[in-house]
Amino acid sequence: MSRPLRILALVPTPSEAAVRHAASSSKCAATLVSTPAALFGHLGESQWDLTIVSTACDHVDPRLLERVAGEQSTGALVLTAPGPSLQAALLAERLGALGVLSEPLSPEGLARHIERTSDEGPDLPLPSAPLEDGGKHELIGSSEPMIAVFSVVAKVADSASTVLLTGESGTG
């Protein structure tokens, strides 16, 4: 890109330092806001390359996130959630978000998402591997370990069993 990435973030106070550090080390321009109203004010004024929104912030709900995802100026969307959250992961999938990061944010994890945005651009599709169910699920990943995970998921998808998939956020 010819200009630094522009990042807009609505994150809780403990995560602000991680956003600032990751943006600085990636030579990006970051704007942090504290309310959804301020977030939409900035979305209305400028084009952003990456928008980061915490599901833990006050007044952030799925309807608000749908509005954020629908804004032309949002760019790539990354959600954050307190700890591993299946609900946040499903919401991110539905919104077409780039990913979900666990709070408190780590500068390194966030820097990986920033690199991914700058390398791929926010509009490129992510690779996916079809499940054995004809592809009605849209899980993302194409590495051998992820294909093995998809195989197990396909086997238990129609059962009443609960399955917990774990792993480092942002790595696949």
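Note that the structure is a prediction, hence the values are computed from the model and not measured.

Concerning the sheet that holds strand E1 (residues 6-10)
Move 1: Read across the sheet, five strands follow the order E2-E1-E3-E4-E5 without closing on themselves; strand pairing throughout is parallel. Here the strands that pair on one side only, and so sit at the sheet edges, are strand E2 (29-33) and strand E5 (99-103). The mean angle between the axes of side-by-side strands here comes to 20°, regardless of whether they run parallel or antiparallel.
Move 2: Pairing of strand E4 (residues 76-82) with E5, which is carried by five bridges, proceeds in the parallel orientation. Its bridge partner being in E5, Pro82 is matched across the sheet by Glu103.

Concerning the environment of Ser73
Move 1: With respect to the secondary-structure elements, Ser73 resides in the loop between helix H3 (62-70) and E4.
Move 2: For Ser73, a relative accessible area of 7% corresponds to the buried category.
Move 3: With 24 residues separating them in the primary sequence, Ser73 and Asp49 have C-alpha atoms 8.1 Å apart.
Move 4: Polar side-chain contacts of Ser73 include one of 2.5 Å to the backbone oxygen of Leu43.

Thoughts on helix H4 (residues 86-95)
Move 1: Buried within H4 are the following residues: Ala88, Leu91, Ala92 and Leu95. Within H4, the buried residues cover an arc of 100° as seen down the axis, which keeps them to one side. Of the residues in H4, the exposed ones pointing more than 90 degrees away from the buried face are Leu86, Leu90 and Arg94.
Move 2: Following H4 by one or two positions, Gly96 has its phi on the positive side, about 75°.

What counts and how
- Chains are numbered independently. Their residues run from 1 in the order of the written sequence.
- The model is predicted, so local features are restricted to residues of pLDDT at least 70 and side-chain atom pairs to those at 80 or more, both for listing and for counting; the totals for chains, interfaces and linings are taken over all residues.
- To obtain the side-chain values, all non-hydrogen atoms of the structure were used and water was disregarded.
- By this definition, two strands are paired if DSSP reports at least two bridges between them.
- Helix and strand labels come from DSSP, where a helix needs a run of H or I of at least four residues and a strand needs a run of E of at least two; each type is numbered from the N terminus.
- Each axis is a line fitted through C-alpha atoms, and for a helix only the stretch in contact is used; angles between axes span 0 to 180 degrees, taken between their N-to-C directions.
- A 1.4 Å probe rolled over the protein chains alone gives each residue an accessible area, and that area as a share of the maximum for its type sets the label: buried under 20%, exposed over 50%, partly exposed in between.
- Side-chain atoms alone can form a polar contact between residues adjacent in sequence; in general such a contact is a pair of N or O atoms within 3.5 Å, and within protein one must be able to donate a hydrogen while the other accepts it.
- Each direction from the helix axis to a C-beta atom contributes to the arc, which is the arc of those directions.

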